[in-house]
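# Analysis of the macromolecular model
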Amino acid sequence: MAAAAAITVGAFWIGLTHMPAVDPAPGEAIRTALRWLVLPGACLLAGIALTAAHRFSSPEAIDGSSPEADARLTLLLRYNRNTAEQLLLVAVAWPALAATHLPAAVAVVPLLAALFVAGRLAFGLGYRSLQVRALGFGLSFYPTVALFGWLIAALLL
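Residues numbered from 1 in each chain as written. Predicted model: local features only at pLDDT ≥ 70, side-chain atom pairs only at ≥ 80, totals over all residues. Heavy atoms only, no water.

Next up on the list: the packing of helix α3 (residues 38-56) against helix α4 (residues 71-98). It is at 9 Å that the axes of α3 and α4 come closest, and there the two elements cross at 160°. In terms of their interaxial angle, α3 and α4 are classed as roughly antiparallel. As for how α3 packs across α4, the hand of that crossing is left-handed. Facing P40, G41, C43, L44, G47, I48, L50, T51, H54 and R55 of α3, the residues of α4 in contact are R72, L73, L76, L77, Y79, N80, T83, A84, L87, V90 and W94. Residues of the contact of α3 with α4, tallied by class, amount to 13 nonpolar, six polar and two charged. (Axes fitted to C-alpha atoms, helices over the stretch in contact; angles between N-to-C directions. Helix = DSSP H or I, 4+ residues; strand = E, 2+ residues; numbered from the N terminus. Parallel < 35°, antiparallel > 145°, perpendicular 65-115°, else oblique. Left-handed = near helix turned anticlockwise from the far one by under 90°. Contact = heavy atoms within 4.5 Å. Nonpolar A, V, L, I, M, F, W, Y, C, P; charged D, E, K, R; others polar.)

Okay, here's the thing in structure tokens:
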């Protein structure tokens, strides 16, 4: 988890100090954030597609049930649930960030999308390894936590 936190801090630093600031029209910033949500959405889409493919190859799971003995199905369902939870959070946070109209905000969104995809890949592919799963979770979750913290602080100040 410390590695994911360090990567998160590094990505925000790179995004805020080295990415070219973009100052789009107000509506364009939000449209940009919404377009980048396609990548986290694709992570969930991939998980659902893998789950469906697995169900069609499993006589025990084809009926939509979740047999406990089916370890692969259990893993896929856990991935889908966690990805859906995190997708909901970024679907709130990224447009809210874009709505701040800070020129650096739009530049950070592609980095957030890259971290999300990298995190979901590590989480899903490395699920059986606690360290890889934790890194994957952290890469997709900690940036969102940091962003929510910043957005909430900006609301209160």
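Quick look at the nonpolar core now. In terms of nonpolar packing, the biggest core is built from 24 residues, with V90, A93, W94, L97, L112 and L147 touching the most fellow members. Secondary-structure elements contributing two or more residues to this core are α2 (26-36), α3, α4, α5 (103-125) and α6 (130-156). (Core = buried A, V, L, I, M, F, W, Y, C linked by side-chain atoms within 4.5 Å. Buried < 20%, exposed > 50% of the residue type's maximum accessible area, 1.4 Å probe, protein only.)

At a minimum axis distance of 11 Å, the contact between α4 and α5 shows a crossing angle of 175°. The orientation of α4 relative to α5 falls into the category roughly antiparallel. Mapping the contact onto sequence places L75, Y79, N82, T83, Q86, L87, V90, W94 and L97 in α4 and A105, V109, L112, A113, F116, R120, F123 and G124 in α5. Along the lines of polarity and charge, the residues of the contact of α4 with α5 split into 12 nonpolar, four polar and one charged.

It is worth spelling out the packing of aromatic side chains at this point. In this structure the tally under the stated criterion is four aromatic pairs. Counting every residue linked through ring pairs, the aromatic cluster contains Y79, F123 and Y127. Taking NZ or CZ as reference, R120 lies 4.3 Å from the ring centre of F123, over its face. If you follow R133 out to its NZ or CZ, it ends over the ring of Y127, 4.6 Å from the centre. (Phe/Tyr/Trp six-rings, centres within 6.5 Å; stacked < 30°, edge-to-face > 60°. Lys NZ or Arg CZ within 6 Å of the ring centre and 35° of its normal.)

Here the focus is the confidence of the model for the protein. The pLDDT averaged across the protein works out to 86; a share of 84% of its residues lies at or above 70. Looking over the protein, one finds the lowest element-wise mean pLDDT in helix α1 (residues 2-17), namely 64, and the highest in α3, namely 96. (pLDDT = per-residue confidence, 0-100.)

Bringing the pattern of salt bridges into the picture now. Following the criterion strictly, the structure yields two salt bridges and no others. Taking the shortest distance from any N to any O, the salt bridge between R31 and E28 comes out at 3.2 Å. One end of the pair, R31, and the other, E28, are both in helix α2, three residues apart, so they sit about a helical turn from each other. Note on E28: relative accessible area 26%, which makes it partly exposed. Of the charged contacts in the structure, one is a salt bridge between E28 and R35, with a shortest N-O distance of 2.9 Å. A single network of salt bridges, built from pairs that share partners, joins E28, R31 and R35. (Salt bridge = Lys/Arg side-chain N within 4 Å of Asp/Glu carboxyl O.)

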